[in-house]
Amino acid sequence: MNRLKHYRAKELTTLLGISKSTLYSWIRNGHFPRPKLVGPQTSLFSEEEVLAWSEQSTSFSQNATGRGPAFRSFRVASKGERE
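This is a predicted model, so every value here is computed, not measured.

A.B. asks: Hey, could you run me through the overall build of the protein chain in this one?
C.D. replies: Secondary structure assignment for the protein chain yields 4 helices and 3 strands. Element order for the protein chain, N to C, with α for helix and β for strand: β-α-α-β-β-α-α. Of the contacts formed within the protein chain by residues at least 6 apart in sequence, a portion of 41% connects residues at least 24 apart. Total accessible area computed for the protein chain in this model is approximately 6000 Å², and 48% of it derives from carbon and sulfur atoms.

A.B. asks: Even after reading the chapter, I still don't get the sheet that holds strand β3 (residues 42-46), so can you show me in this structure?
C.D. replies: The strand order β1-β3-β2 describes an open sheet built from 3 strands, whose pairing is antiparallel. Strands at the two margins of the open sheet, each flanked by one partner only, are β1 (6-7) and β2 (36-39). Across the sheet, helix α3 (residues 47-57) is in contact with β1, β2 and β3; its angle to β3 comes to roughly 50 degrees.

A.B. asks: It is not clear to me how the nonpolar core should be interpreted in this structure. Could you clarify?
C.D. replies: Across soluble globular proteins, nonpolar side chains show a tendency to be buried alongside one another. Core analysis: the largest hydrophobic core is formed by 12 residues, namely Y7, A9, L12, L16, I18, L23, W26, I27, F32, F45, V50 and W53. Where this core is concerned, the elements lending two or more residues are α1 (9-16), α2 (20-28) and α3. Setting aside residues up to four positions removed in sequence, I18 forms contacts with T13, L23 and W26.

A.B. asks: Can you help me understand the packing of aromatic side chains in this one?
C.D. replies: The geometry of an aromatic ring pair comes down to the distance between the two centres and the angle between the two planes. Enumeration according to the criterion identifies 4 aromatic pairs in this entry. Seen from their ring centres, F32 and W53 are 4.5 Å apart, and the 65 degrees between their planes marks the pair as edge-to-face. You can see F32 sitting in the loop between α2 and β2 and its partner W53 sitting in helix α3, a full 21 residues away along the chain. This pair shows no difference in class: F32 is buried, exactly as W53 is. What links up through ring pairs into an aromatic cluster is the set W26, F32, F45 and W53.

A.B. asks: Would you take a moment to explain α1 for this structure?
C.D. replies: Since the α-helix turns once every 3.6 residues, residues separated by three or four places project in the same direction. Those residues of α1 that fall on the buried side of the exposure criterion are A9, L12, T13 and L16. Viewed along the axis of α1, the buried residues span an arc of 100 degrees, placing them on a single side of the element. Exposed residues pointing more than 90 degrees away from the buried face of α1 are listed as K10 and T14. Two residues or fewer past α1, G17 is found with a positive phi of approximately 70 degrees.

What counts, and at which threshold
- Residues numbered from 1 in each chain as written.
- Predicted model: local features only at pLDDT ≥ 70, side-chain atom pairs only at ≥ 80, totals over all residues.
- Heavy atoms only, no water.
- Helix = DSSP H or I, 4+ residues; strand = E, 2+ residues; numbered from the N terminus.
- Contact = heavy atoms within 4.5 Å.
- Areas by Shrake-Rupley, 256 points an atom, 1.4 Å probe, with all protein chains shown as cover.
- Pairing = 2+ DSSP bridges.
- Axes fitted to C-alpha atoms, helices over the stretch in contact; angles between N-to-C directions.
- Core = buried A, V, L, I, M, F, W, Y, C linked by side-chain atoms within 4.5 Å.
- Buried < 20%, exposed > 50% of the residue type's maximum accessible area, 1.4 Å probe, protein only.
- Phe/Tyr/Trp six-rings, centres within 6.5 Å; stacked < 30°, edge-to-face > 60°.
- Arc of directions from axis to C-beta.

In short, shape yes, function no, at least from these values alone.
Written out as structure tokens, the structure reads:
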């Protein structure tokens, strides 16, 4: 059975090199996929959605208002690289 990977906000902030407040600001502004609520205080981000976002965001530059992601590339380690 192929189980999908999910990330907690802390994992993503470490991978992206951003603060938790920046991550949630991106979500609020539509720059990052919303997490799925899986418990009363537990939210998880789908690896599939994060990978799709990273593909779309590789050439994403800071928008005209100066807000939003300003990085050039992001790559989530493949399953073999994580183990």
